[in-house]
Structures are given as C-alpha cells and as structure tokens.
Amino acid sequence: MSIYILGIESSCDDTSAAVLKDRQILSNVIANQDIHKSYGGVVPELASRAHQQNIIPVVEVALQKAKIKKNQLSGIAFTRGPGLLGSLLVGTSFAKAFALGLNVPIIEVNHLKAHILAHFVETRPGSRHPDFPFLCLTVSGGHTQIVRVNSPSDMQILGKTIDDAAGEAFDKAAKIMGLPYPGGPQIDKLAAQGNPDAFTFPEPKIQGLNYSFSGLKTSFLYLVRDGLKKDEGFIEKNKADLAASYQATLIRVLLGKLRRAARETGIRQVAIAGGVSANSGIRRKLTQMAEKERWEVFIPEFQFTTDNAAMIAIAGYFKYLDGDFASQDLAPYARGGFQ
Ligand code: KG4
Ligand code: ZN
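Residues numbered from 1 in each chain as written. Chains lettered and ligands numbered in written order. Predicted model: local features only at pLDDT ≥ 70, side-chain atom pairs only at ≥ 80, totals over all residues. Heavy atoms only, no water.

### As for the coordination of the zinc ion (ligand 2)
Reference values for angles at a metal are 109.5 degrees in the four-donor tetrahedral case and 90 or 180 degrees in the six-donor octahedral case. His111 (NE2), His115 (NE2) and Asp307 (OD) make up the full set of protein donors to the zinc ion (ligand 2), lying at 2.0 to 2.1 Å. Geometry at the zinc ion (ligand 2) is irregular, judged from its 4 donor atoms and the angles of 94 to 141° they form at the metal. Each donor residue of the zinc ion (ligand 2) belongs to the same chain, and together they define the spacing H-x3-H-x191-D. Separated by 196 residues along the polypeptide, His111 in helix 3 (residues 111-117) and Asp307 in the loop between strand 10 (296-298) and helix 9 (310-322) bring together distant segments of the chain. According to the relative accessible area criterion, Asp307 is buried, its value standing at 15%. (Donors = N, O, S within 2.8 Å, 3.2 Å for Na, K, Ca; no water. Tetrahedral: all angles 85-135°; square planar, octahedral: opposite > 155°, others 65-115°. Helix = DSSP H or I, 4+ residues; strand = E, 2+ residues; numbered from the N terminus. Buried < 20%, exposed > 50% of the residue type's maximum accessible area, 1.4 Å probe, protein only.)

### Things to note about helix 5 (residues 183-191)
Of the positions making up helix 5, those classed as buried are Gly183, Gly184, Ile187, Asp188, Leu190 and Ala191. Where helix 5 is buried, its residues meet helix 4 (166-176), helix 7 (234-265) and helix 8 (280-293). (Contact = heavy atoms within 4.5 Å.)

### So, the pattern of salt bridges
In the structure shown here, the tally under the stated rule is 15 salt bridges. A salt bridge links Lys217 to Asp164; the nearest nitrogen and oxygen atoms lie 3.2 Å apart. Taken together, the positions of Lys217 in helix 6 (residues 214-230) and Asp164 in the loop between strand 8 (155-160) and helix 4 put the pair 53 residues apart, joining distant regions of the chain. Take Lys217: its relative accessible area is 19%, and that puts it in the buried class. Relative accessible area serves as the criterion here: at 8%, Asp164 is assigned to the buried category. (Salt bridge = Lys/Arg side-chain N within 4 Å of Asp/Glu carboxyl O.)

### Thoughts on the packing of aromatic side chains
Summed over the entire model, instances satisfying the criterion amount to 12 aromatic pairs. Centre to centre, the rings of Phe199 and Phe234 are 6.1 Å apart; their planes meet at 70°, and the pair counts as edge-to-face. Of this pair, Phe199 sits in the loop between helix 5 and helix 6 while Phe234 sits in helix 7, and the two are 35 residues apart along the sequence. A relative accessible area of 16% means that Phe199 is categorised as buried. Owing to a relative accessible area of 12%, Phe234 belongs among the buried residues under this scheme. The rings of Phe120, Phe132, Phe134, Tyr317 and Phe318 are connected pair by pair, giving a single aromatic cluster. Directly above the aromatic system of Phe302 lies the positively charged group of Arg283, at a separation of 4.1 Å from the ring centroid. (Phe/Tyr/Trp six-rings, centres within 6.5 Å; stacked < 30°, edge-to-face > 60°. Lys NZ or Arg CZ within 6 Å of the ring centre and 35° of its normal.)

### Side note on the domain arrangement of the protein chain
Domains assigned within the protein chain are domain 1 (4-123 + 304-322) and domain 2 (134-300). Between the C-alpha centres of domain 1 and domain 2 there is a distance of 27 Å. Each partner contributes to the interface: domain 1 provides 17 residues, whereas domain 2 provides 23 residues. A buried area of about 1600 Å², summed over both sides, lies between domain 1 and domain 2, and 75% of it is on carbon and sulfur atoms. On the domain 1 side of the interface with domain 2, the three residues burying the most area are Ile116, His119 and Thr305, jointly 37% of the side's total. There are 0 salt bridges connecting domain 1 and domain 2. For the interface between domain 1 and domain 2, the tally reads 3 residue pairs in polar contact (both at pLDDT 80 or more). If one sorts the elements of the side of domain 1 that touches domain 2 by residue count, helix 3 sits on top with 5 residues. Grouping the amino acids of the side of domain 1 that touches domain 2 by side-chain chemistry returns 8 nonpolar, 6 polar and 3 charged. (Domains from an automatic or database assignment. Buried area = accessible area lost by both parts, 1.4 Å probe. Polar contact = N/O pair within 3.5 Å; in protein donor to acceptor, adjacent residues only side chain to side chain. Nonpolar A, V, L, I, M, F, W, Y, C, P; charged D, E, K, R; others polar.)

### Describing the site of ligand 1
Contacts to ligand 1 come from 19 residues, most closely from Gly141, Asp171, Asp188, Gly275 and Asn279. The backbone of Gly275 places a nitrogen or oxygen atom 3.0 Å from an oxygen atom of ligand 1. One of the side-chain nitrogen or oxygen atoms of Asn279 is found 3.0 Å away from a nitrogen atom of ligand 1. Starting from 560 Å² of accessible surface for ligand 1 in isolation, the protein chains cover 89%. When contributions to the shell around ligand 1 are tallied by element, the ones reaching two or more residues are helix 3, helix 4 and helix 5. Grouping the constituent residues of the shell around ligand 1 by class yields 5 nonpolar, 11 polar and 3 charged. In terms of domain composition, the shell around ligand 1 takes at least three residues from each of domain 1 (4-123 + 304-322) and domain 2 (134-300). (Near = heavy atom within 4 Å. Areas by Shrake-Rupley, 256 points an atom, 1.4 Å probe, with all protein chains shown as cover.)

As structure tokens, then:
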C-alpha cells in the first residue's frame, strides 16, 4: 500500500506544503513572503504572522494539487528546527493539530537533513538519486556544511563554517552594493555579465574542512568603501565585475574544500543542496569539477534548492518507514545542527 506524507515547512520566510506518494512528488506549494523585501532581511515577527495566514490555504492547495483527500494521508511531517522559533511554532502546531484530527502520526524533521534528502524526491519515474555513502555540500542562508551521508538518518558533518554561512556571504555583499534582499540571486544575475578576475579578494585560510566567510565579506566592504571614496559612481560602474569576482571567490573556496573532502574520504558520489545551490556559477563549476575528478554529481532541481516542503515530506517518508514518530509534547528548536 502506498504511503502518503504531507510535509510542512515554516522555518524561515517561506510557507510550504507538499504531498508525496512514497517518494513520488504529487505537489509542492510554496508561498513566499514579499513583506521582508522592504526591510532588507527577514523580520521574525512578520514571518510568524504571515505563516499563520498562509498555512491553511497552502495546505489546502497542496492537497488539491495532489488530488487526494486529507483522510488518505498516512502521516504529517514538519520542520522541527533549526529556524526562527515563532515561524517553526506555526508549522509544528498546525502539524500536531491536523494529525490529531486525522488520527495519523506526526514526524519531526531536521531542516538541514531535509535539504540533503531532497535528492531522493522522485519527480519522474526512475529519477536518479545518490547511493549511500555520498558527500553533500549544504549551502544555505543559515548553514554551510560538508556532510558525509551514510543513510537517511546517519549523517556526519566533516566540515562547516566557523562564522557566516555562504548564503549570508552572498546576501551581505549584495546589501553593501545596495541590492534588495535576498541578495544571492541578484549577485548571480549580475555575475553572469561581469569579469570574475576584475577584483581579487584574499581567500580564507582555515584548517581542515571548515570554512570562514566573514573575512571575505569584510574585504569586499573595504574594497567598495575605498572605491566610493575615489568615485561615488564606483558601485554602479563596477557592479557586474564586483559580483562576478566575489561570487567566483566564494565558489572557489566552497568547492576547494569539497574536493579535499572527496579525496580524503575516497567518496565519488557528490551532491549539493540548499538555497545557494541555485547559483548558476556553482552549478557550472561543480559540473566541471565532477568531470575532472570523475565524480557522479547530483545537482537539485531549482524547486528543491531553496526552502520547500517536498524535502520535509521525503525526510518524513524515510522516518515513517522506520516507525520513527514524534509525540504531541515535542517543542521546536531554533538552533543547532543535526539532531
Ligand atoms: O536554503 P534557503 O532557502 O534557506 C535557508 O535554509 O537558509 O537559502 C536561502 C539562501 C539566501 O541566502 C539566498 O540569498 C541564497 O540562498 N540563494 C542564492 C541563490 N538563490 C538563493 N545564493 C546565490 N545564488 C543564487 N542563485
Ligand atoms: Zn533551508
């Protein structure tokens, strides 16, 4: 008999609901919250309010698109953390109440593991997915990690950022250039028209497989500040080159450590996940590196790069198979890595 899982994602500023039939995607509905644009970043209180308004219509649409009735659901999976507490509470409370009403189990999902497991969502029959163990570079607005994925439940962090996340590094540089939030996609677009060798930034020297991006962001800030002192049109005249050079440096650093992790572990199946994996530069460079290093590479479809509920539903599906259900007294967690 097929298993139908409803996934709920509300950890940051996207309200999302998705339905999977086993690993097959039936729907993946995402309501973005435009309200944060005018503030240059996510405002937690506004995010919780918007989730509260969006959650029921988003779930209704997800069920409609999936063409199933709510009483066909086998279980409800939801993001327990990490994320913004007020936002997580909306999804968690909804999942608990809905599951109680339907008399089905609830399944708590770790957002970071879910980004990785998105690779197992089947978008068409027989779509490719990695085999265990594989390596995954998770690059999002809150996290940057190299993970050895041994199974859906057993994941080991081999390296991570000691300060800013890769997405933050994109967003902060965009802010310095006066670009709207989120800045990652803006930098991506500008970089496509610029020269990646126009400016050089010192690359962080961090031991092992860890990363650091705060120094890079500071050197970008100083370069722009010094440029503006000499010419107030500095950003406008150089925005494509600034974006291209900065993006190229970030990608070099990210992929350099990933290559090292693959060489050290001998693992040749390599995946990328998280919001920054939507970046066209990193997708291209990773494909090139995979050819050189003879990796089998897994790059997610765009709908699975940034936050979405299909990834929560697939993580829930694996836990459902294990009978790993949560109890009604569980609380979300705002911080932390894998739990
Ligand atoms: O995974 P995600 O949606 O949310 C978190 O869990 O953090 O990632 C959001 C991050 C933001 O920092 C955003 O700027 C970045 O992903 N991002 C990109 C691109 N699209 C989204 N960064 C670079 N290039 C992109 N095309
Ligand atoms: Zn995320």
